[in-house]
Amino acid sequence: MARGKLRIYLGAAPGVGKTYAMLSEAHRRVERGTDCVVGFVEHHDRPRTEVMLHGLEQVPRRQLEYRGSRFGEMDVDAVLRRAPAVALVDELAHTNVPGSRNAKRWQDVEELLSAGIDVVSTVNIQHLESLGDVVESITGVRQRETVPDEVVRRADQIELVDMSPEALRRRMAHGNIYKPDKVDAALSNYFRPGNLTALRELALLWVADRVDEYLNAYRSEHRVSKIWGSRERIVVGLTGGPEGRTLIRRAARLAEKGAGGEVLAVYIARSDGLTSASPKELAVQRTLVEDLGGTFHHVVGDDIPAALLDFARGVNATQIVLGSSRRKAWQYIFGPGVGATVARESGPDLDVHIVTHEEVAKGRGLPVARGARLGRARIIWGWVVGLVGPAVLAVLLNSVALGLANDMLLFLALTVAAALLGGLFPALASAAFGSLLLNYFYTPPLHRLTIADPKNIVAIAIFFGVGMSVASVVDLAARRTHQAARLRAESEILSFLAGNVLRGETSLEELLERVRETFAMESAALLERASDTEPWTCAGRAGFGRPLERPEDADVDMPVGDHMALALTGRVLPAEDRRVLAAFAAQAAVALDRRRLRQEADQARALAEGNRIRTALLAAVSHDLRTPLAGIKASVSSLRSDDVEWSEEDRAELLAAIEEGADRLDHLVGNLLDMSRLQTGTVTPLIREIDVDEVVPMALGGVPEGSVELDVPESLPMVEVDPGLLERSVANLVENAVKYSPRDRPVLVSASAIADRVEVRVVDGGPGVPDEAKDRIFEPFQRYGDAPRGAGVGLGLAVARGFAEAMGGTLDAEDTPGGGLTMVLSLRAAGSRPGALVAGRDIAEPERQAS
């Protein structure tokens, strides 16, 4: 089913006429034959609004009782059953009465929209969630009922219902909004002219931003590249120089002259890194732009005028602010400059402002082209061949006459060799030097820098041109080779990042270390903050050097969203590396989110486990503990009864039942307490050396006589355990084994030494446990098979394993040969590790000593 459309009437304050406009729209739609009903409209006893409800079908409200009063709310189910084409739902931010279908009315509207019903609703600007603090600072009233901004932004149509503050106050004074007894208080508090003006400005600006979003979406959808001057957007071109602050302030003043003006500062870096702006100065200028309400953008582009114009047209800018060139007069021979080029190519729809400043004509080094990336040694050899080679060749040719044509070919070979080795400049030098030598030594008239035969002029010109062409080709090939190698390296890095995104393998610290190593930096840190006013905090760091407190303190910083940045120290990074750095920064943010999600998942898992244990504990308390309590109460009530004369045998039997129930309660409560201590990590054993044959027999006190056979040699080495915890563990194991072992097959408790361990084995002849369930039986509140509820709460084995692990031992289950289950308790032998004595408190030893 297609989703319904939402239309919202937005107002600056109560009483501007939102509900009236909504009802007028409903009457227009009904007249056109549209099936329109009133889901919920509150007229607040306003006569003109109440009259507008006449003639419209109203869905009966759902009556709810709350704190002794009855309230009427929109009946969502009734509206869904009615299934109109359009439903009117007033007060989108309203909070429903407890007991309603949803907590908020906008959630009711979402249900109607999902059912394919168009909805027309109303909301005031002060109820938008993001403006709560602003509205409170203006009016002094905190709005309790809010609606998420995204709900309103998703509306298909938003219509502003506007009214001047004076007209609204007159309407209030005439009693058209509130009852007469509330008018004076409202006019002197919330409806003050200043409050209404500020709220009206908020509403107008919010709607203007929404209209701007519609316009950008339309331009993008219809590929409109021509600038539409719907509002003033001023782009400031920054070079990283000190004049940037002057340009930003000038642009801010220009923006203030137009309503809704916006400033966008942009720094364009060459992709080859030829320009080196000061990161510190750019950070200061970015802060200044943000303080003035603008935004800062970093763009990469080789053709700076074209990149600046593309950016301006992309954001639908109306003006560009540039600074006068810092170049000296002679430097204009290299070109007209960025400002003149932008002004020439901006077209009629984009104004360009050239702003003077203190740095004009004070000199600025032009970007110097880097070498051909051929290596220092090759370039040196290129210069040697290009300058020394022609001189040596001239000496050799003076002794051998080969003719002008052969001489030129030999000099050309040297020029080509210089080009192949050193690139463009050594080849140009070789061609120029070789041309002079050819002219002086081998072109008539000899030993003079003149040429008599015009044909020789053509030959030397061709020689010089071929040398330059070969040198240019070699230089271009070297640059392309360097670019290919760089792109290959970037692709490998991006492939690595993409693989990590898919696999989720690399942690944040490992990724930051990879960033530091990739770009040869001293340190790398991911900084974040909650809002623009909050201080920066370090979410992760790698490397050495001083800790960073702000992105502005770093040599390189790469923003990740609005409140996160990747900061590097060590050197200034060229622009060509920032593309890969941006990918690393995005991946660092993903790694941080993944780590936090993993932590939240662990916390949720721990909470779920705690809830499961608490649920099982409540079940145990409600049933397993109630059974012995009921037996004890029945026995005590029988003994206290005066109607029956009990014999001595009956009395003894009842007393025995009471004692048995009390012992059972004591055992259950003890296990519950032990399990709770294990869950909270408060078990701190007191480890000491003791013989196994001193502790194990004491654990058999609670089992029936003859149900256990003991085989613990006195020659066993001493073990490092907490005696009380060991006794409790063995007692639980024996009790569990006796429970499942046949009566004619006693449980065997044996002990033996294996290497540096001592193993205590509890062997029963019961039904056994399959392999897939051997680990599950050690979980809390687990009973294997068809064990009845009265057989215990399922904590004995969990407590036994917990105590064993607390002492540094292990507890595992094995199959008994011939059928049954064997519990293997492995303990450390004395002297098997240094520092065996651990200070702590034994939670079970005092009970054993007291008994």
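Bear in mind that the values here come from a model prediction, so they are computed numbers and not experimental data.

Parameters and conventions
- Residues numbered from 1 in each chain as written.
- Predicted model: local features only at pLDDT ≥ 70, side-chain atom pairs only at ≥ 80, totals over all residues.
- Heavy atoms only, no water.
- Axes fitted to C-alpha atoms, helices over the stretch in contact; angles between N-to-C directions.
- Helix = DSSP H or I, 4+ residues; strand = E, 2+ residues; numbered from the N terminus.
- Parallel < 35°, antiparallel > 145°, perpendicular 65-115°, else oblique.
- Left-handed = near helix turned anticlockwise from the far one by under 90°.
- Contact = heavy atoms within 4.5 Å.
- Pairing = 2+ DSSP bridges.
- 1 Å grid on protein atoms, 1.4 Å probe; cavity = no way out; pocket = protein on both sides within 12 Å on 5 of 7 lines; lining within 4 Å.
- Points joined across faces, edges and corners; volume = space filled by probe spheres on them.
- Nonpolar A, V, L, I, M, F, W, Y, C, P; charged D, E, K, R; others polar.
- Patch = residues over 30% accessible without salt bridge, like charges linked within 9 Å, V, L, I, M, F, W, Y side chains within 5 Å.
- Areas by Shrake-Rupley, 256 points an atom, 1.4 Å probe, with all protein chains shown as cover.
- Salt bridge = Lys/Arg side-chain N within 4 Å of Asp/Glu carboxyl O.
- Buried < 20%, exposed > 50% of the residue type's maximum accessible area, 1.4 Å probe, protein only.
- Lys, Arg positive; Asp, Glu negative; His and termini not counted.
- Charge placed at Lys NZ, Arg CZ, Asp CG, Glu CD.
- pLDDT = per-residue confidence, 0-100.
- Core = buried A, V, L, I, M, F, W, Y, C linked by side-chain atoms within 4.5 Å.
- Phe/Tyr/Trp six-rings, centres within 6.5 Å; stacked < 30°, edge-to-face > 60°.
- Lys NZ or Arg CZ within 6 Å of the ring centre and 35° of its normal.
- Arc of directions from axis to C-beta.

Enquirer: Hey, could you run me through the packing of helix H15 (residues 404-422) against helix H16 (residues 424-442) in this one?
Expert: Two quantities define a packed helix pair, namely the angle between the axes and the distance from one axis to the other. Where H15 contacts H16, the axes come no closer than 7 Å and their chain directions differ by 165°. Viewed along their axes, H15 and H16 adopt a mutual orientation that is roughly antiparallel. Viewed along their axes, H15 and H16 form a crossing whose handedness is right-handed. Here H15 contributes Leu404, Asp407, Met408, Phe411, Leu414, Thr415, Ala418, Ala419 and Gly422 to the contact with H16, which in turn contributes Leu424, Pro426, Ala427, Ser430, Ala431, Gly434, Leu437, Leu438 and Tyr442.

Enquirer: Sorry if this is basic, but what is going on with the sheet that holds strand S15 (residues 537-543) here?
Expert: Strand pairing in a sheet is mediated by backbone hydrogen bonds. Such pairs are either parallel or antiparallel. Strand order in the open sheet made by the four strands is S15-S14-S17-S16, with antiparallel pairing throughout. If you trace the sheet from one side to the other, it starts and ends with S15 and strand S16 (556-559), each paired once. Strand-to-strand twist of the sheet, defined as the mean angle between neighbouring strand axes without regard to direction, takes the value 15°. Two strands pair when backbone bridges link them, and strand S14 (residues 523-528) and strand S17 (residues 564-569) are joined in this way by six bridges, in the antiparallel orientation. Note on S17: the bridge partner recorded for Glu528 is Met564. Along the sheet face, helix H18 (residues 508-518) touches S14, S15 and S17 and points at about 55° away from the line of S15.

Enquirer: What's the story with empty space enclosed by the protein in this structure? I'm lost.
Expert: Space left empty within the atom packing is revealed by a probe, the size of a water molecule, rolled over the atoms. Within this structure, the stated rule accounts for two cavities of 30 Å³ or more. Its volume calculated, the largest cavity comes out at about 80 Å³. Every residue along the wall of the largest cavity is listed here: Arg62, Leu64, Glu73, Met74, Asp75, Val76, Asp77, Asn96, Ser100, Arg101, Asn102 and Asp108. Where the lining of the largest cavity is concerned, the elements lending two or more residues are strand S4 (62-66) and helix H3 (76-82). Counted by class, the lining of the largest cavity contains three nonpolar, three polar and six charged residues. Approximately 60 Å³ is the volume found for the second largest cavity. Counting only elements with at least two residues in the lining of the second largest cavity, the list comes to helix H7 (165-173) and helix H9 (193-221). Here the lining of the second largest cavity gets three residues from one element, more than from any other, and that element is H9. Split into classes, the residues belonging to the lining of the second largest cavity amount to eight nonpolar, one polar and one charged.

Enquirer: What should I look at first to understand a nonpolar patch on the surface in this one?
Expert: A grouping of Ile380, Trp381, Trp383, Val384, Leu387, Val388, Val392, Leu396 and Phe425 is seen on the molecular surface, where their side chains present a nonpolar patch of about 880 Å² in accessible area. No other element matches helix H14 (residues 376-399), which puts eight residues into the nonpolar patch. Relative to the helices and strands, Trp383 is located in helix H14. Residue class for Trp383 comes out partly exposed when judged on its relative accessible area of 35%.

Enquirer: What am I meant to see in a positive patch on the surface here?
Expert: A surface patch of like charges, here positive, comprises Arg249, Arg250, Arg253 and Lys257. As for its placement among the helices and strands, Arg249 is situated in helix H10 (residues 244-257).

Enquirer: What exactly am I supposed to notice about the pattern of salt bridges here?
Expert: Oppositely charged side chains can form a pair if their charged atoms are brought close together. Counting across every chain of the model gives 28 salt bridges. For the salt bridge of Asp557 with Arg286, the shortest nitrogen-to-oxygen distance reads 2.7 Å. One end of the pair, Asp557, is in strand S16; the other, Arg286, is in helix H11 (residues 279-291), with 271 residues separating them in the sequence. On the basis of relative accessible area, Asp557 is assigned to the buried category, the value being 10%. The partner of Glu814 in a salt bridge is Arg761, and the shortest N-O contact between them spans 3.3 Å. On the criterion of sequence distance, the pair formed by Glu814 in strand S23 (residues 810-815) and Arg761 in strand S22 (residues 757-763) is long-range, its members being 53 residues apart. Residue classification places Glu814 among the partly exposed positions, given a relative accessible area of 35%. A residue is classified by how much of its surface remains accessible, and Arg761, at 25% relative accessible area, is partly exposed. By sharing partners, the salt bridges in this structure join Arg7, Glu25, Arg28, Arg29 and Glu159 into a single network.

Enquirer: Teacher, can you tell me more about the pairing of strand S12 (residues 319-323) here?
Expert: Each regular strand carries side chains that alternate between the two faces of the sheet. In terms of burial, S12 is largely enclosed, as four of its five residues are buried. Sheet topology note: the strand S9 (residues 233-238)/S12 ladder contains three bridges and is parallel. Opposite Val236, over in S12, you have Val321 as the bridge partner.

Enquirer: What's the story with the environment of Met468 in this structure? I'm lost.
Expert: You can see Met468 is positioned in helix H17 (residues 454-503). Owing to a relative accessible area of 34%, Met468 belongs among the partly exposed residues under this scheme.

Enquirer: Any chance you could explain the confidence of the model for the protein chain here in plain terms?
Expert: One rule of thumb: low pLDDT means the predicted coordinates there are not for detailed reading. Across the protein chain, the average pLDDT comes to 78, with 78% of residues at 70 or higher. Scored below 50 in pLDDT, residues 786-791 shows ten contacts in the model against residues more than four places distant or in partner chains. Confidence over residues 834-851 falls short of pLDDT 50; this stretch has 36 contacts with residues more than four positions distant or in other chains.

Enquirer: Even after reading the chapter, I still don't get a negative patch on the surface, so can you show me in this structure?
Expert: On the surface, Glu659, Glu660, Asp663 and Asp666 cluster together to form a negatively charged patch. Locating Glu660 in the fold gives a position in helix H21 (residues 648-680). Glu660 gets classed as exposed once you look at its relative accessible area, which sits at 57%.

Enquirer: Please explain the sheet that holds strand S24 (residues 821-828) as it appears in this structure.
Expert: Reading across the sheet, the five strands line up as S19-S21-S22-S24-S23 and stay open at both edges, with mixed pairing between neighbours. Every other strand in the sheet has two partners, leaving strand S19 (708-711) and S23 as the edge strands with one partner each. Neighbour-to-neighbour, the strand axes of this sheet turn through a mean angle of 20°, independent of strand direction. Against the sheet, helix H23 (residues 723-740) makes contact with S19, strand S21 (747-754), S22, S23 and S24, and its axis sits at roughly 170° relative to S24, the strand it touches most. Helix H24 (residues 796-806) contacts S23 and S24 of the sheet and is inclined by roughly 130° relative to S23.

Enquirer: Hey, could you run me through the nonpolar core in this one?
Expert: Proteins that are soluble and globular tend to have nonpolar side chains buried together. One finds Leu88, Leu92, Leu112, Val147 and Trp206 to be the most contacted residues of the largest nonpolar core, which totals 63 residues. Ranked by the residues each element gives to this core, the list is headed by H9, at six residues. In this structure, Leu92 is in contact with Ile8, Arg105, Trp106, Val109, Ser121, Thr122, Val123, Val147, Val151 and Val152, ignoring residues within four places of it in sequence. The next biggest cluster of nonpolar side chains, apart from the first, holds 42 residues, and it includes Leu700, Val769, Ala773 and Phe778.

Enquirer: What exactly am I supposed to notice about the packing of H10 against H11 here?
Expert: One can describe the packing of H10 onto H11 by two numbers: an axis separation of 10 Å at closest approach and a directional angle of 15°. Here H11 runs roughly parallel to H10, going by the angle between their axes. The two elements H10 and H11 meet at a crossing, and its hand is right-handed. Two secondary-structure elements touch here, H10 through Gly244, Arg245, Ile248 and Arg249 and H11 through Glu281, Val284, Gln285, Leu288 and Val289. Of the residues in the contact of H10 with H11, the class split is four nonpolar, two polar and three charged.

Enquirer: Looking at this structure, I do not really get the packing of aromatic side chains. What am I missing?
Expert: Geometrically, a pair of aromatic rings is defined through the distance of the ring centres and the angle of the planes. This structure, assessed with the given rule, holds zero aromatic pairs. Here the basic side chain of Arg105 rests over the ring of Phe40, its NZ or CZ set 3.9 Å away from the ring centre. Here Arg801 stacks its cationic end above the ring of Phe778, 3.9 Å away from the centre of that ring.

Enquirer: Sorry, what's going on with the side chain of Thr146 here?
Expert: Within the secondary structure layout, Thr146 lies in the loop between helix H5 (132-139) and helix H6 (149-153). Once residues within four sequence positions are removed from consideration, Thr146 is found in contact with Ala93, Lys104, Trp106, His127 and Glu129.

Enquirer: Where do I start with H7 in this structure?
Expert: Since there are 3.6 residues in each turn of an α-helix, residues three or four apart along the chain are aligned in direction. Within H7, burial applies to Pro165, Leu168 and Met172. Here the buried residues of H7 occupy an arc of 65° about the axis, which is enough to place them on one side.

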